[in-house]
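Each chain is listed here by its residues.
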Amino acid sequence: MNLRQEISDLTVFRAMLAAWIFFYFIDVDINFSAWLGPFAGLVRHGYLGVDGFFMLSGLILARVHPELSRAGVHPQLQWEKFGDPQPFHPRAWRFWATRLGRIYPLHLVTIILFAVLFGVGAAAGLAPHDAASFSLPAFLENVFLLQGWGFSSPGAWEYPSWLISAEWAGYLLFPLLWYIVSYLDHIVSIAFILCCLTALGLIDVEYQHTLNLAAGAGLLRFFPEFLAGIAAARIVPNYADFLPTRALAVLAAALVLIFSLLGSDVLTVAALWLLLFSLTMQADAERPPLLAHPGWLRWGGRLSYALYISFALAQLLLALFFRHQGWTPASHSLLYAAGMLGVTFAVAVVLHTTVEVPCRRAAGRWFNAPASPLQPIRSK
């Protein structure tokens, strides 16, 4: 199959992850999960949607960039040589430029809008609760995508963008990581994935049985999951044609629900990995999608980056309005939830259509090479 072709199941799953994160953030402000009885744990562990995005990022990047694998750099090792191989470093530079062109313009615009809103609020006498977080050094860390590397406090400036900073760290190392992982055969790759999940378990124990780690320790959470996603792409072709992907996907979805309700972050992440693996195998085997994908849900998946990065803007807007009215989110919970939903979607749609999509297309025109004829490595 065309490795650069969109996998509709994964696009729909992106929308689900974004919704899971969104409802978690709403719950932090108004605690609506208290009304859900035994299902409260599902909402309260919505921060694990971020972990799903980390694994998905590694998986997708490895699938669509075979030119950065060992066979792409040294075609003579396994495939017929398609002309003279390009040097590794020029390919890496092109990869970095493309990825930066896809994520940075939207991030920069939201940071500028956040700074404007902060200035307006300050001029109106509505200072933030933690003014020290809005320092110039923290602002510069956000501008240069360093806020998720352990320097800033978790709530500094446009705080959800720590995820974008962590992803950028992964992009910088991806050419090397994928080159190394692509040397592993499928049995060793499975052992490698288990090692990544074990490392995640140790981190979970060290941080009092939670993976809800943001700017201060976010990279500890990010890299085992990112590597597990890369390794998943390595083994998908070896199992896609004969494993019962539908049954595995149903099992994985049930385990995500069960483990999140039980409060086990590591097991929930492992179940998310199995679900992503199953959905990708279904596409690799060229079978019909497993998830229903009405147009609006696929659109939500494509909108997920803008939705995620717009949340803090919406929250700041509503915070300024509520404080001006003398209200709190808890005292007007339905109004707050409706306002967050409406404002976040409105801001996300505007940013997606006016900033994200045009900049991604421009980055594709300027930096992308033609699609590689290489196929995924299949062990004998």
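Structure first, text after, so check above.
Residues numbered from 1 in each chain as written. Predicted model: local features only at pLDDT ≥ 70, side-chain atom pairs only at ≥ 80, totals over all residues. Heavy atoms only, no water.

Novice: Got a sec to walk through the overall build of the protein chain? Specific residues and values, please.
Specialist: Along its length, the protein chain carries 14 helices and zero strands. Ordering the α and β elements of the protein chain from the N terminus gives α-α-α-α-α-α-α-α-α-α-α-α-α-α. Scored against the burial criterion, the 380 residues of the protein chain give a buried share of 52%. Sequence-distant contacts in the protein chain: of pairs separated by 6 or more residues, those separated by 24 or more amount to 79%. Carbon together with sulfur atoms contributes 70% to the accessible area of the protein chain, which is approximately 16,900 Å² in total. (Helix = DSSP H or I, 4+ residues; strand = E, 2+ residues; numbered from the N terminus. Buried < 20%, exposed > 50% of the residue type's maximum accessible area, 1.4 Å probe, protein only. Contact = heavy atoms within 4.5 Å. Areas by Shrake-Rupley, 256 points an atom, 1.4 Å probe, with all protein chains shown as cover.)

Novice: Account for the pattern of salt bridges, naming residues and giving values.
Specialist: Following the criterion strictly, the structure yields three salt bridges and no others. Asp51 is the partner of Arg221 in a salt bridge, and the nearest nitrogen-oxygen pair spans 2.8 Å. With a gap of 170 residues between them, Arg221 in helix 9 (residues 218-239) and Asp51 in helix 3 (residues 49-64) connect regions that are remote in the sequence. Side by side, Arg221 and Asp51 carry an identical accessibility label, which is buried. Here Asp284 and Arg63 are joined by a salt bridge, their closest N and O atoms 3.3 Å apart. (Salt bridge = Lys/Arg side-chain N within 4 Å of Asp/Glu carboxyl O.)

Novice: Got a sec to walk through helix 3? Specific residues and values, please.
Specialist: Taking 1.5 Å per residue as the helical rise, helix 3 with its 16 residues ought to reach 22 Å, and the 22 Å between its terminal C-alpha atoms agrees with that figure. For helix 3, the tally of buried residues reaches 15 of 16 residues, placing the bulk of the element in the interior. (Expected span 1.5 Å × (residues − 1).)

Novice: With reference to specific residues and values, describe helix 13 (residues 304-325).
Specialist: For helix 13, built from 22 residues, the straight-helix expectation of 32 Å at 1.5 Å per residue is met to within 8% by its first-to-last C-alpha distance of 31 Å. For helix 13, the principal kink sits at Ser310 and spans about 35°. Burial within helix 13 is extensive, with 16 of its 22 residues counted as buried. Positive phi appears at Gly326, one or two residues downstream of helix 13, with a value of about 80°. (Bend = angle between axes of the 7 residues up to and from the residue.)

Novice: Tell me about the nonpolar core, and name the residues and values.
Specialist: Formed by 107 residues in total, the largest nonpolar core has its most connected members in Ile26, Phe174, Ile230, Trp273, Phe277 and Met340. In terms of residue count, the dominant contributor to this core is helix 13 (13 residues). Excluding its chain neighbours within four sequence positions, the residues that come into contact with Ile230 are Gly58, Leu59, Ala62, Phe174, Leu177, Trp178 and Val181. (Core = buried A, V, L, I, M, F, W, Y, C linked by side-chain atoms within 4.5 Å.)

Novice: Please provide a residue-by-residue account of unusual backbone geometry, values included.
Specialist: The residue Asn31 is not glycine, and still its phi comes out positive at about 55°. Turning to its location among the elements, Asn31 is positioned in the loop between helix 1 (8-30) and helix 2 (40-44). One non-glycine residue with positive phi stands out, namely Leu145, at about 60°. Its place among the elements puts Leu145 in the loop between helix 6 (136-143) and helix 7 (162-181). A relative accessible area of 2% means that Leu145 is categorised as buried.

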